[in-house]
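# Overview (structure and organization)
As a plain string of letters, each chain reads:
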Amino acid sequence: MSSNTSTKNEGIFSMLKLGLILAVYAVASCTVLALVNNFTAPVIEQNNIRKANEAMRAVFADADDFEQVKDDSLPIDSLYFAKKGGNVIGAVAKVSGPTYDHATIMFGVSTDGIVTGMRFLENTDSPGFGIKASDPSFKLANGKTFYEQFEGKKVADGFKAGQTFDAITGATITSNGVAGLLQTGCDVIDKYLKEAGK
């Protein structure tokens with residue numbers, strides 16, 4: 001009887017010891033992850049800001065400064081007034097949404113309603129088809145990449161795949177999705193430029 005009790009106590013002690021060891025490892029792991037996050041979060045944030053600034057300069061090369069529009073009711077990711085010499089010369093929109101899967105684009109529009117450039121910040125569409133939209137090595141029949149073709153387009157003409165811009169063969173859903181993102185961003189840009197008196 002006493003040997004059974006002793007064995008039972010040893011089993012309980014072993015389980016408690018194992019539980020304590022696992023708890024110590026869990027606390028240590030959480031502490032290390034928290035420390036790593038504290039060191040890397042600012043670096044990641046700065047890297048994201050740098051990438052956004054590079055993308056804004058790529059899509060609106062004439063601007064020398066960008067001022068973020070602070071409005072919690074924005075229906076897009078973010079909006080920036082593009083400025084030159086302190087004057088608003090257009091805007092840059094960052095828009096995310098569904099394509100075949102999902103994409104995030106950034107593009108600029110001048111005050112006279114011309115697209116100044118467009119870039120993908122993210123594209124998770126299918127390899128071989130929809131991913132071509134963001135591939136810098138994929139060229140359309142006109143010799144441009146899918147995203148380069150939008151530069152110089154009039155916003156007033158709208159964005160209709162196969163009509164106002166070249167769609168990617170076999171990736172109609174992606175092409176239409178990008179058109180929708182562009183239109184959404186253009187509607188927001190138009191509203192805010194009008195409110196700014198531009």
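Let me sum up the structure you'll find in this document.

### Observations regarding the overall build of the chain
Broken down by element type, the chain carries 2 helices and 5 strands. Ordered by position in the sequence, the α and β elements of the chain form the string α-β-β-β-β-β-α. Taken along the three principal axes of its C-alpha coordinates, the chain extends 90 × 45 × 30 Å. Looking at the 198 residues of the chain, the share that counts as buried comes to 33%. At a minimum sequence separation of 6, the contacts of the chain that also span at least 24 residues come to 45%.

### Quick notes on the environment of Gly197
As for its placement among the helices and strands, Gly197 is situated in the segment after α2 (172-195). A sequence separation of 86 residues divides Gly197 from Thr111, and the C-alpha atoms of the two residues are 9.9 Å apart.

### Describing the nonpolar core
In this structure, Leu79, Phe107, Met118, Phe120 and Phe150 are the most contacted members of the largest nonpolar core, which totals 36 residues. Where this core is concerned, the elements lending two or more residues are β2 (78-84), β3 (87-97), β4 (103-110), β5 (115-123) and α2. Considering every element that reaches this core, the biggest residue donor is α2, with 9 residues. Residue contacts for Phe150: discarding those within four places in its chain leaves Val115, Met118, Phe159, Phe165, Val178 and Leu182. By size, the runner-up hydrophobic cluster in this structure holds 10 residues, among which are Ala55, Phe60, Phe66 and Val92.

### Examining the environment of Val155
Note on placement: Val155 falls in the loop between β5 and α2. Separated by 23 residues in the primary sequence, Val155 and Val178 have C-alpha atoms spaced 14 Å apart. Contacts of Val155, omitting those with residues within four sequence positions, involve Val109, Gly113, Val115 and Cys186.

### Considerations on the pattern of salt bridges
As enumerated under the stated definition, the model contains 3 salt bridges in all. A salt bridge links Glu67 to Lys83; the nearest nitrogen and oxygen atoms lie 2.4 Å apart. Placement of the pair is Glu67 in strand β1 (residues 65-68) and Lys83 in strand β2, with a sequence separation of 16 residues. Given a relative accessible area of 34%, Glu67 falls into the partly exposed group.

### As for the side chain of Thr174
Mapped onto the fold, Thr174 is located in helix α2. Classification of Thr174 by relative accessible area gives buried; the value is 2%. Here Thr174 is in contact with Thr99, Tyr100, Asp125, Gly130 and Ala133, once residues within four sequence places are set aside.

### Some words on the pairing of β3
Two strands pair when backbone bridges link them, and β2 and β3 are joined in this way by 7 bridges, in the antiparallel orientation. Counted as the bridge partner of Leu79 is Ala93 from β3. Hairpin connection of β2 to β3: 2 residues between the antiparallel strands, including Gly85 at a positive phi of 60°. As defined by bridge partners, β3 adjoins β4 across 8 bridges and the pair is classed as antiparallel. Note that in β4 the partner of Lys94 across the bridge is Met106. Here β3 folds back onto β4, and the loop between the two strands holds 5 residues.

### Some points on the sheet that holds β5
As summarised here, the arrangement of the 5 strands in space is β1-β2-β3-β4-β5, forming an open sheet in which the pairing is antiparallel. The sheet is open, and its two borders are formed by β1 and β5, each paired with just one other strand. Each strand of the sheet is rotated relative to its neighbour by a mean of 20°, with strand direction disregarded. Here α2 sits on the sheet in contact with β2, β3, β4 and β5, set at roughly 40° to β4.

### Concerning the packing of aromatic side chains
Within the structure shown, the criterion is met by 5 aromatic pairs. Centre to centre, the rings of Phe120 and Tyr147 are 6.4 Å apart; their planes meet at 70°, and the pair counts as edge-to-face. One end of the pair, Phe120, is in strand β5; the other, Tyr147, is in the loop between β5 and α2, and 27 residues separate them in sequence. Pair check on accessibility: Phe120 and Tyr147 agree, each one buried. Clustering of aromatic rings is evident, with ring pairs tying together Phe146, Phe150, Phe159 and Phe165.

What counts, and at which threshold
Residues numbered from 1 in each chain as written. Predicted model: local features only at pLDDT ≥ 70, side-chain atom pairs only at ≥ 80, totals over all residues. Heavy atoms only, no water. Helix = DSSP H or I, 4+ residues; strand = E, 2+ residues; numbered from the N terminus. Buried < 20%, exposed > 50% of the residue type's maximum accessible area, 1.4 Å probe, protein only. Contact = heavy atoms within 4.5 Å. Core = buried A, V, L, I, M, F, W, Y, C linked by side-chain atoms within 4.5 Å. Salt bridge = Lys/Arg side-chain N within 4 Å of Asp/Glu carboxyl O. Pairing = 2+ DSSP bridges. Axes fitted to C-alpha atoms, helices over the stretch in contact; angles between N-to-C directions. Phe/Tyr/Trp six-rings, centres within 6.5 Å; stacked < 30°, edge-to-face > 60°.

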